[in-house]
Amino acid sequence: EESVARSDLSAADADPFWATLWRAYRGLVQYLCQMPLQGRRILEVGCGQGAMGIATALHGAEVTLSDSVSNALLVAQIHAWPVRHRVRVRRLRWGIDRCDGERFPIIAGSDVLYEPLAWDDLMRTAEEHLEPDGQLLFSEPPRYTGERFIPWMTDRGWDVRVVWIDLKDGLPSIRIFICRRAK
């Protein structure tokens, strides 16, 4: 209670959603591991603890874990220690920060679409960091915002395909949005 009342804490530090391992990351890992990952460069946005990026690094990907929350990045860096030769950790506030002009063939995020007000900043960051023929991959459990995301992206010149991943845990399947610039 005391930490929530402190005015020097950001909302993310006072209520750290990033500290939860949301099950959507598992669906995204399953999808990504169906493709060759050895040496593939991936930018994970909103990495939280870094579970998705670390899992893909274990399969050979070169991953940049990014988040806007310093505590999340510290935890992700600690978790990534066994694969530190394949993982970098960077602060990336959507629409504000940049990864030194780097571009990635894959930008991925799990459970990052729940707030439509953040989509403009997320896509500004994606546009700045995605290679011309790259793809955006976002995962989430079925929620109403996902239904709004597809037409929102289409209106902005993106092709969006959806794949469902059954985690076989008795809960709803995870939706993967596969987004590419329309040609």
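Keep in mind the model is a prediction, meaning the values are calculated, not measured.

Undergrad: Quick question: what am I supposed to make of helix H5 (residues 70–79) here?
TA: For H5, the set of buried residues is Ala 72, Leu 73 and Ala 76. For H5, the arc enclosing every buried residue in end-on projection is 95°, short of the 170-degree limit, so these residues lie on one face. Elements that come into contact with the buried residues of H5 comprise helix H4 (51–58), strand E2 (62–67) and strand E3 (87–91).

Undergrad: What exactly am I supposed to notice about unusual backbone geometry here?
TA: The bulk of non-glycine residues show a negative phi, and the bulk of peptide bonds are trans. Residues other than glycine seldom take positive phi values, yet Asp 111 does so here, at roughly 55°. Inspection of the secondary structure assignment puts Asp 111 in the loop between strand E4 (104–110) and helix H6 (119–129). A residue is classified by how much of its surface remains accessible, and Asp 111, at 11% relative accessible area, is buried. Phi angles above zero are rare outside glycine, and Lys 168 is one such case at about 55°.

Undergrad: Got a minute to help me understand the environment of Phe 149 in this structure?
TA: Here Phe 149 is to be found in helix H7 (residues 144–155). Residue Phe 149 is classed as buried on the basis of its relative accessible area of 0%. For the pair Phe 149 and Trp 119, spaced 30 residues apart in sequence, the C-alpha to C-alpha distance is 8.7 Å. Apart from the residues lying within four places of it in its own chain, the contact partners of Phe 149 are Leu 113, Trp 119, Phe 138, Phe 177 and Cys 179.

Undergrad: I'm lost on the nonpolar core in this one. Help?
TA: Proteins that are soluble and globular tend to have nonpolar side chains buried together. Counting 32 residues, the largest nonpolar core has Tyr 31, Leu 32, Ile 42, Leu 65, Leu 137 and Ile 176 as its most contacted members. Counting residues per element, the ones that place at least two in this core are helix H3 (24–32), H4, E2, H5, E4, strand E6 (158–165) and strand E7 (174–181). With six residues, the top contributor of residues to this core is H3. Once you skip the residues sitting within four places of it in the chain, Leu 65 turns out to touch Glu 44, Cys 47, Gly 50, Gly 53, Ile 54, Leu 73, Ala 76, Ala 80, Val 87, Arg 88, Val 89 and Arg 90. Membership of the second largest hydrophobic core comes to 22 residues, among which are Met 123, Leu 130, Phe 149 and Trp 158.

Undergrad: Sorry, what's going on with the sheet that holds E7 here?
TA: Whenever strands of a sheet pair, they do so through backbone hydrogen bonds, lying parallel or antiparallel. Read from one edge to the other, the open sheet built from seven strands follows the order E3-E2-E1-E4-E5-E7-E6, with strand pairing classed as mixed. A strand with exactly one partner marks an edge of an open sheet, and here the two such strands are E3 and E6. The mean angle between the axes of side-by-side strands here comes to 20°, regardless of whether they run parallel or antiparallel. Relative to E7, E6 runs antiparallel, the two sharing eight bridges. Directly across from Val 160, in E7, lies its bridge partner Cys 179. The strands touched by H6 within the sheet are strand E1 (41–44), E4, strand E5 (130–140), E6 and E7, with E5 carrying the most contacts at an inclination of about 145°. In this fold H7 packs onto E5, E6 and E7, with an angle of close to 10° to the strand it touches most, E7.

Rules and cut-offs
Numbering of residues begins from 1 in every chain and follows the order in which that chain's sequence is written. This being a predicted model, a pLDDT of at least 70 is required before a residue's local features are given, and a value of 80 or more before pairs of side-chain atoms are given or counted; all residues contribute to the totals for chains, interfaces and linings. With hydrogens and water excluded, all non-hydrogen atoms of the structure serve as input to the side-chain values. For each residue, the accessible area found with a 1.4 Å probe, counting protein chains only, is set against the maximum for its type, and the residue is called buried under 20%, exposed over 50%, and partly exposed in between. By definition, any uninterrupted DSSP run of H or I lasting at least four residues is a helix, any uninterrupted run of E lasting at least two residues is a strand, and each is numbered from the N terminus. The arc under discussion is defined with respect to the helix axis, by the directions toward the C-beta atoms. Residue contacts are defined here by distance: any two heavy atoms, one from each residue, within 4.5 Å place the two residues in contact. For our purposes a nonpolar core is just a set of buried Ala, Val, Leu, Ile, Met, Phe, Trp, Tyr and Cys residues, chained together by side-chain atoms within 4.5 Å. The rule for pairing is simple: two strands pair if DSSP sees at least two bridges between them. Fitted lines through C-alpha atoms give the axes, limited to the stretch in contact for helices. The angle between two N-to-C directions lies from 0 to 180 degrees.

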